[in-house]
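Chains, contacts and geometry: an overview
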Amino acid sequence: LCVLLVSSSATSLSHPPPSDRVADRSMGFNDVLSGFPLYRQAGWEPPSQFGSFLLVSVAFTVVVHVWETYLDYRQHVRLKERGTEVPGELRELVADPELVKKLEEKGPASQAYGLDKSSFKFVRSTCALATSLALTLSGAHAWAWDQAVALGLVEGEIKVSLVYLGMWFLFETVTNLPFDYYSTFVVEGRHGFNKSTKRLFFVDKVKTLVLTAVLGGPLIAGVLAIIRAVGPENLAVYVGCFFFATSLFLLTIFPVFIQPLFNKYEPLEEGELKKSIEDLAKSVEYPLYKLFKMDGSKRSAHSNAYMYGFFKFKRIVLFDTLLTQTTTRELIAILAHELGHWKYGHTVLSFAVTQTYFVAAFYAFSKTMNFADMYRAFGFAATPGLSDTAGAPIIVGLSLFFSTLWEPVEHALSFLLTLNSRRMEYQADFFSTTLGYADALQRGLVKITFENLGVLDPDPWYSVYHHSHPPLVHRLRAIDAATAKSAATQKKQE
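Here's what I pulled together on the structure shown here. (Residues numbered from 1 in each chain as written. Predicted model: local features only at pLDDT ≥ 70, side-chain atom pairs only at ≥ 80, totals over all residues. Heavy atoms only, no water.)

Across its full length, the chain holds 19 helices and 4 strands. Along the three orthogonal principal directions, the C-alpha set of the chain runs to about 80 × 55 × 55 Å. Each of the 494 residues in the chain was classed as buried or not, and the buried ones make up 41%. For the chain, contacts bridging at least 24 residues in sequence account for 76% of all contacts bridging at least 6. Carbon and sulfur atoms provide 63% of the accessible area of the chain, an area that totals close to 25900 Å². The centroid of the 46 positive side-chain charges in the chain is displaced by 4 Å from the centroid of its 46 negative side-chain charges. (Helix = DSSP H or I, 4+ residues; strand = E, 2+ residues; numbered from the N terminus. Buried < 20%, exposed > 50% of the residue type's maximum accessible area, 1.4 Å probe, protein only. Contact = heavy atoms within 4.5 Å. Areas by Shrake-Rupley, 256 points an atom, 1.4 Å probe, with all protein chains shown as cover. Lys, Arg positive; Asp, Glu negative; His and termini not counted. Charge placed at Lys NZ, Arg CZ, Asp CG, Glu CD.)

Attention now moves to the sheet that holds strand S3 (residues 305-308). Each strand in a sheet pairs with another by means of backbone hydrogen bonds, the pair being arranged parallel or else antiparallel. Pairing in this open sheet of 4 strands is mixed, and the strands run S1-S2-S4-S3 from one edge to the other. Of all the strands in the sheet, just strand S1 (265-267) and S3 have a single pairing partner and so form its edges. Across the sheet, the mean angle from the axis of one strand to that of its neighbour is 30°, orientation sign disregarded. Relative to strand S4 (residues 314-319), S3 runs antiparallel, the two sharing 4 bridges. (Pairing = 2+ DSSP bridges. Axes fitted to C-alpha atoms, helices over the stretch in contact; angles between N-to-C directions.)

Moving on to a nonpolar patch on the surface. On the surface, Val409, Leu413, Phe415, Leu416, Leu419 and Val464 cluster together to form a nonpolar patch covering roughly 420 Å² of accessible area. With 5 residues, helix H16 (residues 407-434) is the largest single contributor of residues to the nonpolar patch. Tracing the backbone through its elements, the reader meets Leu419 in helix H16. (Patch = residues over 30% accessible without salt bridge, like charges linked within 9 Å, V, L, I, M, F, W, Y side chains within 5 Å. Salt bridge = Lys/Arg side-chain N within 4 Å of Asp/Glu carboxyl O.)

A few words now on the side chain of Lys447. Note on placement: Lys447 falls in helix H17 (residues 438-451). Residues contacting Lys447, with those up to four places away along its chain left out, are Leu99, Gln325, Thr327 and Glu330.

Our focus in this paragraph is the layout of surface pockets. Its boundaries defined by the atoms lining it, the second largest pocket holds a volume of some 390 Å³. In terms of lining, the second largest pocket is formed by 18 residues, of which the most central are Ser196, Asp204, Gly296, Arg299 and Ser300. For the lining of the second largest pocket, the element with the most residues is helix H8 (residues 198-230), which contributes 3 residues. By residue class, the composition of the lining of the second largest pocket is 5 nonpolar, 9 polar and 4 charged. (1 Å grid on protein atoms, 1.4 Å probe; cavity = no way out; pocket = protein on both sides within 12 Å on 5 of 7 lines; lining within 4 Å. Points joined across faces, edges and corners; volume = space filled by probe spheres on them. Nonpolar A, V, L, I, M, F, W, Y, C, P; charged D, E, K, R; others polar.)

Quick look at the packing of helix H10 (residues 272-283) against helix H12 (residues 328-343) now. Contact geometry for H10 and H12: axes closest at 10 Å, N-to-C directions at 30°. As judged from the angle between their axes, H10 and H12 are roughly parallel. Of the two elements, H10 crosses H12, and the hand of that crossing is right-handed. In this structure, H10 contributes Glu272, Leu273, Ser276, Ile277 and Leu280 to the contact, and H12 contributes Thr328, Leu331, Ile332, Leu335, Ala336 and Leu339. Residue classes in the contact of H10 with H12 are distributed as 8 nonpolar, 2 polar and 1 charged. (Parallel < 35°, antiparallel > 145°, perpendicular 65-115°, else oblique. Left-handed = near helix turned anticlockwise from the far one by under 90°.)

Right, here's the structure in full:
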């Protein structure tokens, strides 16, 4: 973009005749674009509309970065100005003076934690932008494919595609490693959340690499084989069915075989808590199969709880950190919230949305996979009509499609899903309230917030765009409103 600006300025300084200015600027624009990408495959030809895909990709990446950096800046300023304060409305909603006092005590720590994460995010996102632009403009994608072929480790497009993806995954792992390390051992460690050791950190990275190869490799190979076999016709249907079956398979094996590789799961011991959870599940007809406690404190002091499983084999998992942060009734109220997601069909809805997303994305890909200019713009040799992907590798077509044409759709859908997630959180809170846990749920949410040093008063724009859960004040307000409405309804019936 800077080169384009300089080129445009140089053209204007030369003061060409008015009739020639438009033509000269057009030539200067094309001359600048003709230099990118720097690496081009043998047999490469310039796109018919030179640079359009490349320019749109770079421009969109920069625009999104500027927008999200602006939101980050708003949040950073908000933290600096109000990070230690307990909002007036929150004081009114939290009836317990002890909890208000705790929020006030945690205010400075919450501000410091938020500012550290915010400052680190500025650095990481800027480095990510610079890396992305450098790779795109240098033609690294085309170069990486040629290197995967030149290695001669395997033959055939699908096998070379796996080598190509493996190279990229290793590159991303290595380039992200310093940032992940700093986030874990400096940012999280400085505020008392990190419990991981350096050995455990690197062992997790190795396990992730191995699992990605073992599970991701066959998945990608299957998708590529389907695309080669069926072509653009009905591509979305076949790939959609494949992803549906694969999703069910992964959801089945993930809690049984994959999660235990990273954490230890133990049956929750007998006692008041277990009996209360079983009684809660029975009262809402939730088919609880097993109840586990997970050693979340092995890596972090952050707390959580979740549910998973199909049909009559549903399980509930509690982080051991959560057990020490809340009372039994507060924990039951939080689990009632989680059961609300199940009762209102949020899990099924999310699964359906994911499958619909796959079908829509691959339908769009089937209509654009033969765009020769898309490949040429990034340095790949492509010939219209030579194959379903203009002679380029299928995996390259998928990568370029999702990083150029589909990227705006991806961001729009992500924002809509965030809004829907916030709606579902309100519904789940309402469900817990209808079971009589309004007060306990409010107390539990407040405790989780200050124990995790959550932001009490986030910037509204930042929160709407990034946060899948509404701010604490909004949730407490909604719970109060639901309680008042329920009481009014009951009084009217009496």
